[in-house]
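Residues per chain are reported as follows:
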Amino acid sequence: MNHCDSTPCRLTPRRLPLETTQVHTLYEKLKHIGGKDLEIWLDTVELKKSGQVDSESLKRNVKQSLAVLVFLSEEYLTAEFCQTELRTAEEAGIPIIIVCDGGVTEVTLKKEIQEFKTAKGECMQAEDKATLRAMEKLKRRVLAQRDIEQKYDAPAGAVGDAGNDGPVLWWSREFVRVALKGVVQQLLMCHRLQKVSTRSSGGVSDGPRLLFHDELLLRRKSQGKQVSLFVSPDYPPERQHELKRAFQEAEANLGITVSISSTRGAADHSVLLLYPASGLKWLLLGHTPKDGKELVNAAFSEALKDGRSRTFTEDEWKAFGMHYLHGNSFIKSGDSYFGPADRGFFGTSQLVTLTNQTLGLAQHTPAPFLLYSTDMSADMSEHRLEGANMLGEAQATRVFTPMWSAWPEVSSLQTVAAEEKLRATHQTSADKSGTSGTIKHLRERVLVAPAGDLDGVS
Amino acid sequence: MVPFLFAVAPLPALLIIIALVAMAYKNKDREGKMGTDTSVVSLGLNLLAYLLVGLGIASHTVAVPFVHVSDESGEVSEDECIARWIAVVASSALVFFGITLRVGEEMAAEERAIVQRAIIQRPRRRLAYVAAAFLNFLAVIVSSVAVLIFTENSPAMVVNGSETEVVMVDDYFQELDLRVTLRVTRCRSTAELTSEQSWGVYAPWVLMHLLGLVVHCERMRRGLRISRYPTLFTLLLHSVVAIVMMKETKPDAQMFIVRTPIGIALGWFTLLSEVVWPRYQRYVRRQPNNDTLFVVRKDDPGGEEVSFASLLNGSEKAHHLFISYKWKTSYDKVHSLEPL
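How each quantity is defined
- Each chain carries its own residue numbering, running from 1 in the written order of its sequence.
- Chain labels run from A onward and ligand labels from 1 onward, assigned in the order the entries are written.
- The predicted origin of the model limits local features to residues at a pLDDT of at least 70 and limits the giving and counting of side-chain atom pairs to 80 or more, whereas totals for whole chains, interfaces and linings rest on all residues.
- The side-chain figures draw on all heavy atoms in the structure; neither hydrogens nor water molecules are used.
- Numbering of helices and strands runs from the N terminus; a helix is a DSSP stretch of H or I covering at least four residues, while a strand is a stretch of E covering at least two.
- Residue burial is assigned from relative accessible area. The probe radius is 1.4 Å, only protein chains are included, and a residue is buried under 20% of its type maximum, exposed over 50%, and partly exposed in between.
- Should any heavy atoms of two residues lie within 4.5 Å, those residues are considered in contact.
- Exposure was quantified through the Shrake-Rupley algorithm and a 1.4 Å probe, taking into account, for residues, occlusion by the shown protein chains and nothing else.
- For every residue, the predictor states its confidence as a pLDDT score lying anywhere from 0 to 100.
- Here a salt bridge means any side-chain nitrogen of Lys or Arg lying within 4 Å of a carboxyl oxygen belonging to Asp or Glu.
- Helix span is expected to be 1.5 Å times the residue number reduced by one.
- Take the buried residues of types Ala, Val, Leu, Ile, Met, Phe, Trp, Tyr and Cys, join any two whose side-chain atoms come within 4.5 Å, and each joined set is a nonpolar core.
- At least two bridges found by DSSP between two strands is the condition for calling them paired.
- Fitted lines through C-alpha atoms serve as axes, helices being fitted only where they are in contact, and the angles separating the N-to-C directions of these axes extend from 0 to 180 degrees.
- In this description, the arc belongs to the directions extending from the helix axis to the C-beta atoms.
- A crossing counts as left-handed when the near helix is turned anticlockwise from the far one by less than a right angle, and as right-handed when that turn is clockwise.
- Residues are grouped as follows: Ala, Val, Leu, Ile, Met, Phe, Trp, Tyr, Cys and Pro are nonpolar; Asp, Glu, Lys and Arg are charged; every other residue, Gly included, is polar.
- Every crossover in which the path from the first strand over the helix to the second runs clockwise, viewed with the strands pointing away from the viewer, is termed right-handed.

Caption draft 1: Quick look at the overall build of chain B. Scanning chain B from N- to C-terminus turns up nine helices and five strands. Listing the helices and strands of chain B from first to last along the sequence gives α-α-α-α-α-β-β-α-α-α-β-β-α-β. Here chain B holds 340 residues, and the buried ones make up 44% of them. Of all intrachain contacts in chain B linking residues separated by at least 6 positions in sequence, the fraction that spans at least 24 positions is 71%. In the structure as shown, chain B presents an accessible area of about 17900 Å², 65% of it carried by carbon and sulfur atoms.

Caption draft 2: Main features of the confidence of the model for chain B. Residues and elements named next belong to chain B. In this model, chain B carries an average pLDDT of 69, and 55% of its residues clear a pLDDT of 70 or more. Per-element confidence in chain B ranges from a low mean pLDDT of 48 for helix α1 (residues 2–8) to a high of 91 for strand β5 (residues 319–324). In the predicted structure, residues 27–37 sits below a pLDDT of 50 and forms 17 contacts with residues beyond four places in sequence or in another chain. Residue range residues 332–340 is modelled with pLDDT below 50. Its contacts to residues more than four positions away, or to other chains, number 17 contacts. Predicted complex, confidence summary: ipTM 0.71, pTM 0.59.

Caption draft 3: Just the confidence of the model for chain A, in detail. All names here are of chain A. With 78% of its residues at a pLDDT of 70 or more, chain A shows a mean pLDDT of 76. A low-confidence stretch, residues 1–20 (pLDDT under 50), is modelled with 52 contacts involving residues beyond four sequence positions or located in other chains. Taken together, the stretch residues 154–163 has pLDDT below 50 and engages in 16 contacts with residues farther than four places along the chain or on a different chain.

Caption draft 4: Region of the structure containing the pattern of salt bridges. All names here are of chain A. Taken as a whole and assessed by the stated rule, the structure comprises 14 salt bridges over all chains. In this structure, Glu249 and Arg245 form a salt bridge, with 3.5 Å as the shortest nitrogen-oxygen distance. One end of the pair, Glu249, and the other, Arg245, are both in helix α9 (residues 237–254), four residues apart, so they sit about a helical turn from each other. According to the relative accessible area criterion, Glu249 is buried, its value standing at 3%. Look at Arg245 and you get buried, because its relative accessible area is 8%. One network of salt bridges, with partners in common, ties together Lys181, Glu215, Glu419 and Arg423.

Caption draft 5: Quick peek at helix α1 (residues 22–34) of chain A. Residues and elements named next belong to chain A. Here α1 is 13 residues long and its end C-alpha atoms lie 18 Å apart, about the 18 Å a rise of 1.5 Å per residue gives. Residues of α1 that are buried include every one of Val23, His24, Leu26, Tyr27, Leu30, Ile33 and Gly34, and no others. Gly35 sits one or two residues past α1 and shows a positive phi near 60°.

Caption draft 6: How the structure looks around the nonpolar core. The biggest cluster of nonpolar side chains holds 108 residues, and the ones touching the most others in it are Leu30, Leu72 and Phe247 of chain A. Counting residues per element, this core draws most heavily on helix α7 (residues 176–191) of chain A, which supplies eight residues. Excluding residues within four positions of it along the chain, Phe247 of chain A makes contact with Leu229, Val258, Ile260, Val271, Phe369, Leu371, Trp407, Ala418, Lys421 and Leu422 of chain A. Within the second largest apolar cluster, 19 residues are counted, among which are Val53, Ala93, Phe96 and Trp205 of chain B.

Caption draft 7: Highlighting the sheet that holds strand β17 (residues 406–407) of chain A. Residue and element names in this part refer to chain A. Strands sit in the order β9-β8-β10-β16-β17 across an open sheet of five strands; the sheet is parallel. Edge strands, defined here as strands with exactly one partner in the open sheet, are β9 (257–261) and β17. Bridge count between strand β8 (residues 226–230) and strand β10 (residues 269–274): two bridges; the pairing is parallel. Directly across from Phe230, in β10, lies its bridge partner Ser270. Of the strands in this sheet, β8, β10 and β16 (369–373) touch helix α12 (residues 349–359), which is tilted by about 135° from β10.

Caption draft 8: View of helix α3 (residues 55–63) of chain A. Within the sequence span of α3 of chain A, burial applies to Ser55, Ser57, Leu58, Asn61 and Val62 of chain A. Seen along its axis, α3 of chain A keeps its buried residues to an arc of 155°; they face one direction. Contacts from the buried residues of α3 of chain A go to β2 (40–41), β3 (52–54), β4 (65–72) and α4 (80–92) of chain A together with β5 of chain B.

Caption draft 9: Spotlight on the sheet that holds strand β6 (residues 169–170) of chain A. Taken in spatial order, the five strands make up an open sheet running β2(A)-β5(B)-β4(A)-β5(A)-β6(A), and their pairing is parallel. Unpaired on one side and paired on the other, β2 and β6 of chain A mark the two borders of the sheet. Across the sheet, α7 of chain A lies against β4, β5 (96–100) and β6 of chain A together with β5 of chain B, angled at about 150° from β4 of chain A, the strand it touches most.

Caption draft 10: The arrangement of the packing of α1 of chain A against α7 of chain A in detail. Residue and element names in this part refer to chain A. Their axes nearest at 11 Å, the elements α1 and α7 cross at an angle of 65°. For the element pair α1 and α7, the recorded crossing hand is right-handed. Listed contacts from α7 to Leu26, Lys29, Leu30 and Ile33 of α1 are Val176, Leu180, Val183 and Val184. Grouping the constituent residues of the contact of α1 with α7 by class yields seven nonpolar, no polar and one charged.

Caption draft 11: Just the pairing of β9 of chain A, in detail. Residue and element names in this part refer to chain A. Sheet topology note: the β8/β9 ladder contains five bridges and is parallel. Bridging from a neighbouring strand, Phe230 pairs with Ser261 of β9. Handedness of the crossover is the feature at issue here: the chain leaves β8, passes through α9, returns alongside β9, and the resulting connection is right-handed.

Caption draft 12: Just the pairing of β16 of chain A, in detail. Residue and element names in this part refer to chain A. Counting buried positions along β16 gives five out of five residues, so the element sits mostly inside the fold. Where burial is concerned, the two faces of β16 agree: the one with Phe369, Leu371 and Ser373 and the one with Leu370 and Tyr372 are both buried. Sheet topology places β16 next to β17; two bridges connect them, and they run parallel. Along β17, the bridge assignment pairs Tyr372 with Ala406.

Rendered as structure tokens:
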């Protein structure tokens, strides 16, 4: 029997080698959490059972769901089935949970919506208009959330048009659990049985939180534990705020007490956030730079003309095609020289000195928290090269080896990274040698790595 | 027939208790999902399946040894031979019937879920499984009737024998042929069956094993629930034992000392694979692991496990989540297809 006579449908991919996509990973992990009690409708699973899924059954199943999880990847809005699902959910008032892939930006969303408008032309049907409204709302939610995440302190309830819309979740390989928790949290919210916090990572509110079993056990163990942190005052104010916010949230999630100070005490863990220079703001240099890396980019040079400073959006900056900016970079525009306002970690000499001091401390002192910023998709190899130039190869290797200490640009994920670091202190206290997870990891690597691989690592 | 009835009489009560305990645990596991009509049907069929398997286990471990005890006396009546045969055949048949019925019920549950989601129903395959279960049961009946017919016309074998013994007679050892007439009766061995009788007895039996295995293989292919491989091993073990016993034509194979250990081993193994192992698996699955999520409130740091089942209770919704995404493969782009 063929069910495709009247409506378009996806047909029998029984023999198609369906690749394991991120969505399937998400599906599997959600099924691990909920087991057979959690009913998830996924087209490929249904296709295996019934052989075909038509657009009518898609609509019906959307309406029969408690919530629709939109996995927003690039070109999502260009797929007709996705448009149908999105529109149906919006029209039926089904809550939409958005899990956003890293490739989605304001530019891609605008482009996809524009493509839809162009394809439909001026003679849009009512259905198309509804689709467009749903698309626009989706875009607003993503951009609003991104804005909030980057500004850190905006109220969570400001997200989206409807007050019940949950925050957009980010799909990151290292922080899959955060997204999973966020999905379940919003699902509970949809049902209105559980009034959980609207922040995907738990937030700082006193509301109920979702914790995995191992996190719950750790929370019980570390209840009441105290950790003192030192955050250098040489960080730009927004970076300081970023660190403090993330650690305070992590503190609440883990149930421990964290004190953060800007003067280093003997028992403090130094927090080092290695971040790249930012090209979003440029300042006029009062002198001709004696050293540093001169940039040559005619378009950018032109853009800086006639001004003492200039601020760009992220997309404008990307459009210049300069993928990585060293802390000592400068560019000539007319007769003037400009340099980045935020020179990054390795462009700030005080922070470089702090790193050298921290890594040179004796074993019995608290281990530093080395965090490696991946914001603005910084070029890792260039970042490392800059670090090697400033710290020397040996120290740079020590700093850059623990790649698992990533510090994502999204604030909810930063909280998780901070939690990881605070958890490490709990393990450290159980370790007789007093060596932190980070340093222990480094030493283990030194023991197993070939000699040439880690030259100069002590 | 009396000893057979005597042996089987207390078993149903015992097995009903075991099955009820098992189902009560299952009921607890299902949380709020009981109470709908389909769940009651499902519960009943599951109970029946467990009951049949339980009867098979009990028959293997209790009835088979019990009816073979008279083997020691050297005198076996016709009724006892019938009881022995039925006990041996029925033990395996009940296990196979129960397992097949459980597969059918799993299929039904799956189809009910599909119907709930308004996707195409496929009743034929389920009917095939029901038919398989019925044929399975029919095999036992036919086999038992066949054995009743042939034993009614030819009573248990009378065994006479003579032995050569070396004995001391007048200070000399002499080899004497001692001929003693024994009044010993035994049940027929398979070698003593005629061709028609063998077909009548073993064809349904073989069919039963084949059907059981085919149905279970289908169950494994569809990935239905747990206990797939232990069950397959149980079925294979029953089949291997059946083949060995068919091939073993000597009368000794029908004796207490052979049948009892085999029956007990089959019974216990079936109990482990069909009852204990699935319960244990369920118990393990119910234990919190790193994927278990808890809602932790400020006033209750202990946390409460997230209950997904309760979210759909009393709701018209069929799913918690509908995942909307764009396929990575190019097949997604071919969204409008010509009718086949």
